[in-house]
Amino acid sequence: QVQLVESGGGLVQAGGSLRLSCAASGSIFSINTMGWYRQAPGKQRELVATITTGGITNYVDSVKGRFTISRDNAKKVYLQMNSLKPEDTAVYYCNVWIGGTRIPSWGQGTQVTVSS
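Bear in mind that the values here come from a model prediction, so they are computed numbers and not experimental data. (Residues numbered from 1 in each chain as written. Predicted model: local features only at pLDDT ≥ 70, side-chain atom pairs only at ≥ 80, totals over all residues. Heavy atoms only, no water.)

A short note on the overall build of the chain
A count of helical and extended segments in the chain gives 0 helices and 11 strands. For the chain, the sequential pattern of α-helices and β-strands runs β-β-β-β-β-β-β-β-β-β-β. Relative to a compact globule of 116 residues, whose C-alpha radius of gyration would be 13 Å, the chain shows 13 Å and is just as compact. Counting only C-alpha atoms, the chain reaches 45 × 25 × 20 Å along its principal axes. Looking at the chain as a whole, 40% of its 116 residues are labelled buried. Sequence separation of at least 24 residues holds for 55% of the intrachain contacts in the chain that already meet a minimum separation of 6. Of the roughly 6,000 Å² of accessible surface on the chain, a fraction of 50% belongs to carbon and sulfur atoms. One finds the centroid of the 11 positive side-chain charges in the chain at a distance of 5 Å from the centroid of its 6 negative side-chain charges. (Helix = DSSP H or I, 4+ residues; strand = E, 2+ residues; numbered from the N terminus. Rg over C-alpha atoms; globule rule 2.2 N^0.38 Å. Buried < 20%, exposed > 50% of the residue type's maximum accessible area, 1.4 Å probe, protein only. Contact = heavy atoms within 4.5 Å. Areas by Shrake-Rupley, 256 points an atom, 1.4 Å probe, with all protein chains shown as cover. Lys, Arg positive; Asp, Glu negative; His and termini not counted. Charge placed at Lys NZ, Arg CZ, Asp CG, Glu CD.)

Following this line, the structure appears as structure tokens:
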């Protein structure tokens, strides 16, 4: 079983930066991909960025050029968020894919609020 703990969110003015962190723990032996989701109030949770074990990254169009996903090892993933916009305001969650399948559980998330 995998536990996910996100941190690093906060309140920032438009144009500012935040760095989110996620630590995965538990019985993890092979994580193929790690990623970040976000969910704004009343909105569908959306996939923001992913990174493979080999370092291949993908981003949703709305954050390209502003966000950077990275990983230190198989159990930690980060999201550097620059040039933040009010529309980035959401609760951010991480998740992991093991054996090609995303785990079904979520952490508590971390709140990101961008003021205009």
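Picking up after the structure, the text goes on.
Details of the packing of aromatic side chains
According to the stated counting rule, one finds 3 aromatic pairs in the structure shown. Look at Y37 and W106: their rings are 4.9 Å apart centre to centre, the planes differ by 90°, and that puts the pair in the edge-to-face class. Within this pair, whereas Y37 is found in strand β4 (residues 31-39), its partner W106 is found in the loop between β10 (101-102) and β11 (110-115), the two being separated by 69 residues in sequence. Y37 gets classed as buried once you look at its relative accessible area, which sits at 11%. Ring pairing ties together the aromatic residues Y37, Y93, W97 and W106, which thus form one cluster. Note that R45 overlies the ring of Y93, its terminal NZ or CZ placed 3.9 Å from the centroid. One cation-aromatic arrangement involves R45 over W106; the distance from NZ or CZ to the ring centre is 4.2 Å. (Phe/Tyr/Trp six-rings, centres within 6.5 Å; stacked < 30°, edge-to-face > 60°. Lys NZ or Arg CZ within 6 Å of the ring centre and 35° of its normal.)

Section: the side chain of D88
Within the element layout of this structure, D88 appears in the loop between β8 (76-81) and β9 (90-98). When residues no more than four places from it in sequence are discounted, the contact partners of D88 are R38, R66, F67, S83, V112 and V114.

Some thoughts on the pairing of strand β7 (residues 67-73)
Bridging between β7 and β8 involves 6 bridges; their strand directions are antiparallel. Counterpart to T68 in the pairing with β8 is Q80. Two successive antiparallel strands, β7 and β8, enclose a turn made up of 2 residues. (Pairing = 2+ DSSP bridges.)

Comments concerning the pairing of strand β1 (residues 2-7)
A one-sided burial pattern is seen for β1, the buried positions being V2, L4 and E6 and the unburied ones Q3, V5 and S7. In the sheet, β1 pairs with strand β3 (residues 18-26) via 6 bridges, with the strands oriented antiparallel. Opposite E6, over in β3, you have C22 as the bridge partner.

With respect to the pattern of salt bridges
Scanning the entire structure with this criterion turns up 4 salt bridges. D88 serves as the salt-bridge partner of R38, at 2.9 Å between the closest nitrogen and oxygen. Remark: D88 occurs in the loop between β8 and β9 and R38 occurs in strand β4; sequence separation between them is 50 residues. Between D88 and R66 there is a salt bridge, with its nearest N and O atoms 2.8 Å apart. With D88 in the loop between β8 and β9 and R66 in the loop between β6 (57-59) and β7, this pair connects stretches of sequence that are 22 residues apart. By relative accessible area, D88 is classed as buried at 1%. Taking relative accessible area as the criterion, R66 reaches 10% and is therefore assigned buried. A cluster of three or more residues bridged by salt bridges with shared partners is formed by R38, E46, R66 and D88. (Salt bridge = Lys/Arg side-chain N within 4 Å of Asp/Glu carboxyl O.)

What is shown is where atoms sit, not what they do.
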